[in-house]
Amino acid sequence: MTQIFATTFAPTLPNLIDEIVKAARPGQLIEAWLFNDAQTRAAAEAKLAQQGIKARIRSSYKPLLHFFLEDIDQAKSGIANITVRYPRHQNAADNRFLLETYPLAALVTPALITFEASDRCDCTYDVILRGSDGVETRHEVFAPNRVHQDVVDETHLSPTGWVRIIDADGQIVRDERTETEYEALFAQTMAAIADYDWGDQEPYFEELNISVDLPGHDQKIAHGHEVLSLHEALHEDFYFSLLEYFQVKSGRPLGDRGLQPGQIVPEIRQVSGDGDARVTVELRPLSKDETAGEMQQIDHATRPLTVAQIRAELDGISGEEFHATSRSGRVLNARYHKGTDLPVMISGGQHPNEISGVAGALRGALELAKRDGAHFTISPLENPDGYALHQRLIVDNPFHMHHAARYTALGDDMEYRSGDGLYEKEIRVRARAISGASLHVNLHGYPCHEWTRPLSGYVPRGFGMWTLPKGFFLIMRHHDEWSERAENFIDQVTRKLAAIPGLLAFNAAQIDLYRIHAGETGFRIINGFPCMISIDDRHDVPLTLITEYPDETIYGDAFIAAHTAQMATVVAAYDAWQNIDKD
């Protein structure tokens, strides 16, 4: 191992308390916005109160949501109607501050809530609360942000720490940004990595590990799978910011999925107490470990399958074996089940933190294999290196998205790989060659709770559409001359999926909340399913159906529902394909 950077960061809050105590004057109100969990901030307020100092220590992350969680007792206040006027800023998307209110609309029911864009550009919300008795109260909710440039010189408007002190006579005597340890840890770590001599040859490393011990704890929100997690957000900021840094270093455009830097692994651990935050950055060899675990009944699996079970389930499907090899040497196993029907390629696990596709692909193939004439290939785990990383990361944080496990050990999205050294992508080349299939059913997922990058502009760059869940989403990509068949195909598939109990209601609820907090959807609704259909000649297969179930971080019954919907999609797509030219 080679260590690149290691240091500690003293917590901002104790030093701020000491500073306030020394300088406080009678009657002053102290307001501070920091990246700390609710318990830590409440304890600081109590400590200051013991010394006669009135203080409100607020959250820099999603302050409008925290205002309702911490300052408004809806049950006692009898609020019937809420208006939120959100600010806009020239350095952010128009809906940026609207997105930050998510999932407020689901939390304030039965009160009616309306969101309106205001003319304010000072990062301040106007909130109007109207009681059932007609009494109206107005509040201003400040959301501290700063304009800054990141490590690739892109400009962002990002949440930041802030201190405001108001004298007894109402005069503001201090109103300024303060850099928190959360921000400093990220900035200094990114700078240290950018300053390292990486050479000019991809991949630059085997594993780039960013290990962080960060005090504080996640906070569950009373809606779906939502959670307030500064730890998860830091993982996302590190992972995608480092991808962007190496994209620019390599001369590629931002968002290029063909970049092969190596495996980037932020490991952000929650620790108790209010001590120092610690970070260590080091280069490590690729891990070849495999996580053990119990076998599950696949139809009722409540968590991701082990690699051993994936192999065992695949062995239950008759046919010709074929293989490919990952960068670390892990074997991709696949089957060609030959029959008389029109052939179909089935795959899962391209992005292994999207956890329902592997079980769904296997269940779909097992179901089809019972039929006479069934004709398909099945490759249930296309990215075994990413899958192994995901299994490793969820030991500490099972409810985090862990997008570090999204790509391969080369650091790229295997679908975008070309030329020599196909590694994992070779499994698709062989599936196409052996079967002659013209349809690929490729099972994916996306976050089932909000996805943010608060230190890099809040909204994940390049993935803004996926920042909020919006139901079981289908993507249809097709060659130019296949447009009519693509429309016919997606209509047939969605009609069959609509018969799954509860799925249409699940979609509708998520889409409604998405519209409230994001504005225009940008996608079509076909038979109750959000869909995107587009011409894409990049794929060798003329028709590709990509599923996107909101599955990252789900377990139990929610996981069963996810891989059941994925399985049903495989079967529905297979059946629709057999009838593609008959209607």
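Here, every reference points to the structure presented above.
All values reported here derive from a predicted model rather than from experimental measurement.

K.L.:
Any chance you could break down the sheet that holds strand β17 (residues 320–325) for me, citing the residues and the numbers?
P.N.:
Strand order in the open sheet formed by 9 strands is β17-β18-β20-β19-β21-β25-β22-β24-β23, with mixed pairing between adjacent strands. Bordering the open sheet on either side are β17 and β23 (524–526), each of which pairs with just one other strand. On average, adjacent strands in this sheet sit at an angle of 25° to one another, irrespective of strand direction. With 9 bridges joining them, strand β21 (residues 439–447) and strand β25 (residues 543–552) adopt parallel strand pairing. In the strand pairing of β25, H440 is matched with T544. Running at roughly 150° to β17, helix α12 (residues 426–435) makes contact with β17, β18 (331–337), β19 (344–348), β20 (376–379) and β21 of the sheet.

K.L.:
Could you give an account of the environment of I535, naming the residues involved and the relevant values?
P.N.:
Here I535 is to be found in strand β24 (residues 529–535). Along the backbone, I535 and D480 are 55 residues apart, and their C-alpha atoms lie at a distance of 5.6 Å. Discounting chain neighbours no more than four positions away, the residues touching I535 are H478, H479, D480 and S483.

K.L.:
Break down unusual backbone geometry for me, with residues and values.
P.N.:
Cis geometry is adopted by the peptide bond preceding P103, which originates at Y102 and carries an omega value of 0°. When you line up the elements, P103 lands in the loop between α5 (96–99) and α6 (104–107). Residue P203 is bonded to the preceding E202 through a cis peptide linkage, with omega at -10°. Within the element layout of this structure, P203 appears in the loop between α7 (181–195) and β12 (207–215). Look at N527: it is not a glycine, yet its phi comes out positive at around 55°. Positionally, N527 belongs in the loop between β23 and β24. Look at N527 and you get partly exposed, because its relative accessible area is 27%.

Conventions used here
- Throughout, a residue's number is its position along its own chain's written sequence, starting from 1.
- Where local features are concerned, this predicted model is filtered to residues with pLDDT of at least 70; where side-chain atom pairs are given and counted, the filter is 80 or more; whole-chain, interface and lining totals use all residues.
- The side-chain values count all of the structure's non-hydrogen atoms but skip hydrogen atoms and water molecules.
- Two strands qualify as a pair provided DSSP detects at least 2 bridges between them.
- Strands here are runs of E lasting at least two residues and helices are runs of H or I lasting at least four, both read from the DSSP assignment and numbered beginning at the N terminus.
- Angles run from 0 to 180 degrees between N-to-C directions of axes, and those axes are lines fitted to C-alpha atoms, restricted for helices to the stretch in contact.
- Whether two residues touch is decided by their heavy atoms; if any such pair falls within 4.5 Å, the residues are in contact.
- Partly exposed describes any residue whose relative accessible area lies between the buried limit of under 20% and the exposed limit of over 50%, with all areas from a 1.4 Å probe on protein chains only and scaled to the type maximum.

By themselves, these are just geometric observations and shouldn't be taken as functional.
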